Each structure stands twice: as structure tokens, then as C-alpha cells.
Amino acid sequence: MFEIKHTLCPSCSVGCGINVILDGEEIVGTFPYKRHPVNAGKNCLNGRNSIECCESKFEDIDSEKAIADASKEIKSCDSSEVSVICSGYDTIEEVEAIKNFAESNGFNIGFYSDDLKNVDDVASYDELAAAGKVFAIGDLLYENPLIGRRIVHAKQNDAKIYALSKNENAVTFNIADETSTSSVQEFLDKFAGEIDDSSVVVFNYVDEAGDLDKLESLSCKVLPVFSKPNTKGALGIVDPKSSDEMIELFDNTKLLLVFNDDITEDFDYDFGRISKIISFACCENDTTEIADIVVPVKSWLEQDGSFVNAMGDEQNFSSVIESDNLGIVEVIEELNK
Amino acid sequence: MSYVLAKSQNNEILEAGECGGAVTSILKYLLDEGLVDGVLALSPQDDVYDAFPVFVTDSEDLLKTAGSYHCAPTMIGDLVQKYFIDKKVAFTVKPCDMRAVEELITRHKINRDNIYMIGLNCGGTVSPVSGRKMIDLFYEANPDDVVSEEIDKGQFIIELADGSEEAVKIHDLENEGYGRRNNCQRCDVKIPRKANIACGNWGAEDGWTFIEINDEKGQELIDGAKKAGILETKSPSDAAVEGRSKVENIMIKMAKKNQDATYPTVSEMTEWSRCISCYACRDVCPICWCFENCELNKPYFKDEANIPPVPIAFQGVRLSHMSFSCVDCGQCDDVCPMDIPVSLIFDKLQKKYYDRTGYVAGVSDDIKPPLYSPEKTEL
Amino acid sequence: MSDDLKIVGLLCNWCCYGGADTAGTARMQYSPNIRIIRVMCSGRINPSMIFKAFQEGADGVFVGGCHIGDCHYDAGNYKWSRRSKIVEDILEEFGIEKERFRHEWISASEGEKFQRTMEEFHKTLTKLGPLELE
Ligand SMILES: Cc1cc2nc3c(=O)[nH]c(=O)nc-3n(C[C@H](O)[C@H](O)[C@H](O)COP(=O)(O)OP(=O)(O)OC[C@H]3O[C@@H](n4cnc5c(N)ncnc54)[C@H](O)[C@@H]3O)c2cc1C
Ligand code: SF4
Ligand code: SF4
Ligand code: SF4
Ligand code: SF4
Ligand code: FES
């Protein structure tokens, strides 16, 4: 039967609400969630396409067997050579379970947060919209449109907009007063004198770790924006690794357990060097392609959970469809048996 | 066309209904008599700002759909078209919903024989998020305490849980950028006369719904619901009929004034430079129904290199396909992540088309030669 | 006449294309800026083709069809004529001068009318200069 249900968008860390349309058991479309305080019914293309993950589910994998196989592999490997990857795609509850799983078994844990880190006192979206000056690092209008919209609002409130992007055709440049394609360092140095306490610096990348220290030492509020929905939440639980540290981890790993992530997207690494990869995933991606074992798990559409968005709000969501698969938390329980 | 005042004979419905609960009663009648497979109406979810369409097949469930949700600017046309194509359904329509459905009927996307349209007069809808902010700013109330809203005598009135009411002049709210959505401020179709019936509070006594019966099917609905013992009716006084038409005209005049104030600025719009080619405006538009076959997806128009797109090659194409049928529902504005007032240009072009042909999208009976008919007339 | 103005001409096979041919055979001089695209009937032209031409860098777009009453497909030019009004309305909103878009009924024998029209159109565009789309 036709039904509309609330959920959250899993495409980035802004934390937009999205309604899905169900026709019987099948998700057939999205419907604007106009009451949601983050996005007022507006979703970017990625967000609206996020429901397509249902189209590439693993229909013909026997998940019981997959879990048994995975368990066997894990037990046959020296724990110091096992690495567990958790990601911003995992819910709070899942990250906690993954962390416990790794710690109690003596596995390494890898968590990559776009080379960004946790900042405790971030600017809220309202503060961004009310800023006197906005320093935007990354093409936020295009890449995180519902944060980009706050920059548009700031602009409408007469804020001065300074934009940095590696892409000289960045959409954000079109509303900016000052634009730059330099390094983050140069950008911050150049405008250091103009940053005051009415300013907000919003960024979705840095060039190097030093940039983060610089950003944190500014006299104004900052807002790091991540590419995955719960990176901020996971940062509160697990310490992140830089890309170099992640590569080092891969180098020392014989068995890699990837929980709901596509590591091939984030790292240009020859994963063939790792003897075994087990991917716990809800739908096909390049990591499941190269994995030796794929354990199907529930997608965010099929389970309850919570994500913490870029400004630090924890938002709960409930399952919109049923699934025969286990969630990551349950799979871990099985693996621990 | 004729007028009646109607009131539910069911106490629960009367209590829950906005006016006389007539709409809910008629929907109940349709379900109970098996005249439809189901009913599409709005039901509040987390609160009154959060209503969306639900499909009801058991009349017991209708109670949770009763009432008017002014902060729920939904669109029913594309849902009916996509998901109820071969079902018999009844649904409530604001004028913009009705107009979209009419346009889809002319495109053979909805079959008139399969549907009942229960019209609601509409003074305008408010976007939920900005509506809450508005209540926070302009009223002495907490938005969470509001149980219902109403637009009456030029005021936006909120009713609180304790039964008290607060009112602020719409004009003042809208001057400050709040109030009804921009397209609603321009909307000059206030009574949905292509629906089978048009229901409202204009001209109604307390506890009654004023109904304009628009066609035979509408008459059958009223007669049937009365016969089933769920609806009582009486004739409105001449003064009530007149008063209603007076308010309608005032509302239309107000809308025209807003049109005059906004259309000239369209060609100076600078907002397109922040368009991110997300296609949300197209995808939500009830008139853009081509889906995967959309010309914008064709290799010769797909332009991933240019973001923002060259407006003429993006919105220009859409405009040429359907602006003459734009029903000014404002859905495109609502969903645009970049807050581009997309509907403004579509609505303006429909008005230009009206100037050339006299055709009002979703309202006119006589379909003027559309762009692709073999008619031998020039504009 | 060696300027860079680009004119895209969408000409109906049965009339205006013939008109251009007649002008050519008779060695009538007209501006060489026009790139001709032959279509089977003006009724086949959609507004989006005009927009695409502008997007791709045309400074002016010309459409030539059969005189009203002469369309080989009966009513194609009526269709086109109605569409052309919409095109004008839309161009105006996006800041493209309506003079950059022109349409004319020209028969196969009217080589001279074709020549004259092209000359006029070229003159208009020269005055307007190259089209700058933001
Ligand atoms: C946004 C809005 C503005 C209105 N403005 C006016 C006005 O200016 N003048 C006037 O005379 N009447 C107006 N009305 C109509 C009036 O408020 C009552 O809905 C109508 O009189 C029917 O009353 P009732 O008691 O019979 O309806 P009820 O029995 O309470 O049933 C109302 C039905 O409408 C549906 N509904 C509620 N909100 C919406 C919505 N946003 N979109 C679509 N369906 C909805 C409900 O789900 C329910 O099925 C408006 C209604 C709405 C929804
Ligand atoms: S566009 Fe018109 S009919 Fe639709 S919600 Fe606004 S005022 Fe009501
Ligand atoms: S833009 Fe044109 S082709 Fe695309 S959906 Fe709309 S009407 Fe159809
Ligand atoms: S163009 Fe916008 S306002 Fe017009 S019908 Fe489509 S969605 Fe509604
Ligand atoms: S919704 Fe807005 S940003 Fe997206 S394509 Fe339409 S106009 Fe552009
Ligand atoms: S054949 Fe020339 S216009 Fe139709």
C-alpha cells in the first residue's frame, strides 16, 4: 500500500530529512520532508538518489553462510593482523559495537574522517546563516548544498563571502565577494586580518593536518563538514586516522574487515596486497567487488539508529522497510559467538 | 452550480473537522459504500506542521486526517498519476492540486472517471519551517503549542492547546518575508471549481462547511452522504453567498497586486548563477511528467560540464515544454536547495500565454491550441 | 564581411531551403555568417533547438518556413508560428534580445527575399554584437 515515511539522508553530514514513498514493500520515490528543520524539504540530487541503494542489494548471498565463513577467517588469523574499518556511514550504535568488537579481540581499528577532526564548539547552521563574514573552504554550494544554502542566506543578510575551492568554476564563487584557488594555508593567511568574531569558517577539506590547527586557533567559530552522515558521531567514539596512517594500517593488515564503507573510494591503494577482505555492506560498491567475502547487512532504510550531523545534533531515524538481513550490531554478536 | 451548508452527523468527525466536518464525512461515505478503493488525505505526523498524504482504506482511520493543515504545502497531482493510475480514489485538493490534476487529465495521465476531487478553498499555505519561525517571532506563543491555524479576515490566526487564539495581520507578516509562500501570495485561483465540490469556511456559519457543488458527481456525493445519514445540509442565506463571493474577489485582487509587483523583476533574476543542476525543481513539478524521457536527460542537452547550467538551455527548455501549463503550485521553489524562486518565471510565462490565448492552466475549459496541436491558428 | 557573428539557420526543405538555393544559384550576395540546417518542415522545430543554438554560441537564430497555406505537411508552419511566440517570450526573460531570433516565410522561388532577409538579420546582429550568455 502507498505510504510515506520519514527518514534521514545518508549522503553527507548535513543531516537533512527525507521522506520516502513506499508502494507496498518497495521504495519507489522520495517526497519532500518540509517540516525537517535542517533542510525544509529540500534535498540535493545525491540525497534524492540515495534510495537507489535498494536496487543493488545482495539477493543471492546466503548471509548465514557468509557470517560463518567470515567468523572462520577471523578466528584463523592472528589478531594483530586483523584490521577493522568503521566509517561515517555506520550509526552511533554500530560504531560503538565495532569499537568494542575490535578492542575486545585485540584487532586494529581504522577510521578515516576525510583528514578532518572533531571540533567541539562548532558553528550551528543558524549561526552560519547569521554570520557577518563567511569563509567557505570547498565548493559548499555544490558539494553540501543544504549548508551552502546557509551561505546563500548569509549573503542575503549582507554577509561578505570569501570562497576557496580547487575548482575554478565552483558554484560558491558565483555568490562570493572574494574567491581563491590557492592552498588552505594561503587562503587563511591572506584573509587572516579580516576574520573577526562575527565570522564563520566552514570547510569540507583541508590540505594538511597543520591547516586544522590553524583553523582551530582562529578567533571565530568554525564548521567542519564531512562527506559521510555520521562522521561527526563516529569521531566522538573512535579516534580518526589520517590517510597516511590508514595506508600504513593497510600495509600491516592480513585480514581487513570493512563495515559499511567503500574504502576504494577514499584510498588509492592496491588492496590486492591484503590477503583477505571481508566487506559488511548493504549494497554493491567497489569494495564489495574486491572483497573475498561479502556479508549483507541492513541498510539505513531497514534499521533504527542515529547519526550526528555536522553541527553536532544527534538525530534518530527508524526503519522504513523490513529486511531479512541482520544489522551490523547483530552480525558482530554472531561473530563474537 | 449550487450552494449548500453541510455538517457531519457523526460527532467525532464534527469535533475533529475544521468546519462542519463535511469533507471527512463525504470521504467516509465514499469508503463505506465501496465507491473508491481508498482515499488520499493529509494526516499530521510529528505535529501540525508535519502533515503529508496518507492512503486510507478503512473509514475508521479517517479521523486522523480531519482538519485543515495550513503549514502543509503538499502536491497530490503527481502522486495520483504515479501511484494510483488504475485505482479508484478520492482525494482532497487545494486549487493548485486541482489544477495540476486537470492538466494531467488533459495529458491522459489521470482518468477522470477514476477519481473524486474534494476541493478546499485556499487562502494560501505556509512553509512549515519558516511558519514555526514566524510564530516564534511574531506571536507570544511557542510554535509547539499550536494545535491549529487559520487564515481569516486578512489575519493568520493560531489556536493554542489551551483554546486561546492569537492573530497577526498577514500583510505585516508578509512584509517581513514570512506568511504565505510567495506563489500563494500571487495565486488567484481561490475556489477549486473543477473539483466535484469546493468546500470552505467562507460564507459558512460556525460548525458548518460551505460547499459549492460544481458538477453532477458533486451533487451525487452530497445526496449520497445525506442518504447514508452521515451528512445534513441546509441552504445558505443570500447574504452568506454574497459575502463569500466578496471575500473571494478581495483575495483575487490582492493576488493580482502581488503579481504586478513581482513579475517585472523576473528578467533581472540573478539567482540562476547559484543553480547546482540538481533537477529537484523538475522532478517535483506535477506538470513535468516525462521522467527518464525528459529532454534534459538526452545526450544533446545533458550538460554536466556547465554548473550552473546556461539558464536558457535548462529552464528555457522546461519553460518551452510546459510553462503554459504551470499551475503556480510553488513546489519547485519549495524544493530548490538554492532557494531560487523558480516558479516565478514559470508562472509569469503562463500569464503571458494567458494574455495571448486566454488559457488559464488547469482552469480553462476550452483548450486553446497548445503548441503541438494541428490546429490552423496563429497566436 | 569577415566578422565572427554566427547565425544558425533552420530552413524548411520544401521552401526556404529552396529559397537559399535559388539565391545561391543566382549568385546573390548575402552574409556568409549563416550555418544552414535543413529540416523537413518548420513544424519539426522545437524551441529547445533554438535555445541549444544560442547555448552553443549562436549570436542569432533564423527559422525559415513555407508561407501559411503552403506547408507540405498541412499545418506544420502554424505549429511553428505558435511556438515562435513562446520562444520570444522565453528569450526575453533570459536577457536574450528578441531581435536575435527571427523567422520568415520564404518560398523556393523567393531567392531575393532570402538574400534580403539575411542581409537585414546580419545588420541587426552586427548592431547588437556578439551574444554574451552569463
Ligand atoms: C491550506 C488551506 C487553506 C484554506 N483556506 C481557506 C480559505 O481561505 N477560505 C475558505 O473558505 N476555506 C479555506 N480552507 C478550507 C477550510 O479550511 C476547510 O478545509 C473546509 O471548509 C472543509 O472543512 P471540513 O470541516 O468540511 O473539512 P474536514 O472534515 O476537516 O476535512 C478536511 C480535509 O482536508 C484535508 N486537508 C487538510 N489540509 C490540507 C492541505 N494542506 N492540502 C490538502 N488537503 C488538506 C484533510 O486531510 C481532510 O481530509 C482552507 C483549507 C486549507 C487546507
Ligand atoms: S498556490 Fe494557491 S491553491 Fe495552492 S496552496 Fe497556494 S494559495 Fe493555495
Ligand atoms: S522538462 Fe520537458 S521533457 Fe523534461 S520532464 Fe519537463 S516537460 Fe518533460
Ligand atoms: S513549474 Fe513550479 S509552480 Fe509551476 S507547476 Fe511546476 S512545480 Fe508548480
Ligand atoms: S532545484 Fe534549484 S538548484 Fe536544483 S536544478 Fe532547479 S533551480 Fe537549479
Ligand atoms: S513544409 Fe515548410 S513549413 Fe511545413
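As annotated in an unreviewed UniProt entry, chain C carries the name Hydrogenase iron-sulfur subunit and is attributed to Methanobrevibacter thaueri. Listed under Sequence similarities (unreviewed entry) in UniProt, the entry text for chain C is "Belongs to the MvhD/VhuD family." Listed under Cofactor (unreviewed entry) in UniProt, the entry text for chain C is "[2Fe-2S] cluster".

**Notes on the overall build of chain C**
What chain C contains, in helices and strands, is four helices and four strands. Across chain C, helices and strands are ordered from the amino to the carboxyl terminus as β-α-β-α-β-α-β-α. On C-alpha atoms alone, chain C measures out to a radius of gyration of 14 Å, which is about the 14 Å that the 2.2 N^0.38 rule sets for 134 residues. With respect to the three principal axes, the spread of C-alpha positions in chain C is 40 × 35 × 20 Å. Relative to its 134 residues, chain C shows a buried fraction of 54%.

**Details of the domain arrangement of chain A**
All names here are of chain A. What the domain assignment lists for chain A is domain 1 (2–56), domain 2 (63–114 + 232–336) and domain 3 (125–225). A C-alpha centroid distance of 28 Å is found between domain 1 and domain 3. Each partner contributes residues to the interface: domain 1 has eight residues there, and domain 3 has six residues. For the side of domain 1 that touches domain 3, the per-class residue count stands at five nonpolar, two polar and one charged.

**Overview of the site of ligand 3**
Residues and elements named next belong to chain B. In the vicinity of ligand 3, the contacting residues are Arg282, Cys288, Cys290, Cys294, Glu295, Leu296, Val317, Arg318, His321 and Met322. Residue contributions to the shell around ligand 3 peak at four residues, all from helix α11 (residues 311–322). Each residue belonging to the shell around ligand 3 can be placed in one class, and the counts come to six nonpolar, one polar and three charged.

**Focus on the arrangement of the chains**
There are two pairs of chains in contact here; the most contacts are made by chains A and B. In this view chain A stays clear of chain C, with the nearest C-alpha atoms of the two still 11 Å from each other.

**Thoughts on the UniProt feature "domain: F420-non-reducing hydrogenase iron-sulfur subunit D" (unreviewed entry) in chain C**
As annotated by UniProt and renumbered to match this structure, "domain: F420-non-reducing hydrogenase iron-sulfur subunit D" (unreviewed entry) occupies residues 7–129 of chain C. From the first C-alpha to the last, residues 7–129 of chain C spans 12 Å; its make-up is 45% helix and 19% strand.

**What about the sheet that holds strand β2 (residues 17–23) of chain A?**
All names here are of chain A. As summarised here, the arrangement of the three strands in space is β1-β2-β3, forming an open sheet in which the pairing is antiparallel. Of all strands in the sheet, those bounded by a partner on one side alone are β1 (2–8) and β3 (26–31). The average angle at which neighbouring strand axes cross in this sheet is 35°, direction not considered. Relative to β3, β2 runs antiparallel, the two sharing five bridges. Its bridge partner lying in β3, valine 20 is registered against threonine 30.

**A closer look at the sheet that holds strand β11 (residues 255–259) of chain A**
Residues and elements named next belong to chain A. With parallel pairing, five strands are arranged side by side in an open sheet as β5-β4-β11-β12-β13. With one partner strand each, in any of the chains shown, β5 (108–111) and β13 (293–296) form the two edges of the open sheet. With direction set aside, neighbouring strand axes in the sheet form an average angle of 20°. As defined by bridge partners, strand β12 (residues 276–281) adjoins β13 across four bridges and the pair is classed as parallel.

**Some details on the interface of chain B and chain A**
Taken together, the contact pairs 28 residues of chain B with 28 residues of chain A. The residue makeup of the side of chain B that touches chain A, split by class, is 19 nonpolar, three polar and six charged.

**Focus on the interface of chain C and chain B**
Counting from both sides, the interface comprises 23 residues of chain C and, opposite them, 26 residues of chain B. Of all the secondary-structure elements, those providing two or more residues to the side of chain C that touches chain B are α2 (47–55) and α3 (76–93) of chain C. Looking at the side of chain C that touches chain B element by element, the count peaks at 11 residues for α3 of chain C. Here the side of chain C that touches chain B is built from residues that sort into 10 nonpolar, four polar and nine charged.

**Points about the site of ligand 1**
All names here are of chain B. Around ligand 1, a shell composed of 31 residues is seen, among which Gly17, Val23, Thr24, Gly123 and Gly200 lie nearest. Listing elements by their share of the shell around ligand 1, those giving two or more residues are α2 (22–32), β2 (38–44) and β9 (197–200). If you tally residues by element for the shell around ligand 1, the top one is α2, at three residues. Grouping the amino acids of the shell around ligand 1 by side-chain chemistry returns 13 nonpolar, 16 polar and two charged.

Conventions used here
Residues numbered from 1 in each chain as written. Chains lettered and ligands numbered in written order. Predicted model: local features only at pLDDT ≥ 70, side-chain atom pairs only at ≥ 80, totals over all residues. UniProt positions renumbered as here; feature names shortened; annotations may be inferred. Helix = DSSP H or I, 4+ residues; strand = E, 2+ residues; numbered from the N terminus. Rg over C-alpha atoms; globule rule 2.2 N^0.38 Å. Buried ≥ 20, exposed ≤ 12 C-beta atoms within 10 Å, placed from the backbone. Domains from an automatic or database assignment. Contact = placed C-beta atoms within 7 Å. Nonpolar A, V, L, I, M, F, W, Y, C, P; charged D, E, K, R; others polar. Near = placed C-beta within 6 Å. Pairing = 2+ DSSP bridges. Axes fitted to C-alpha atoms, helices over the stretch in contact; angles between N-to-C directions.

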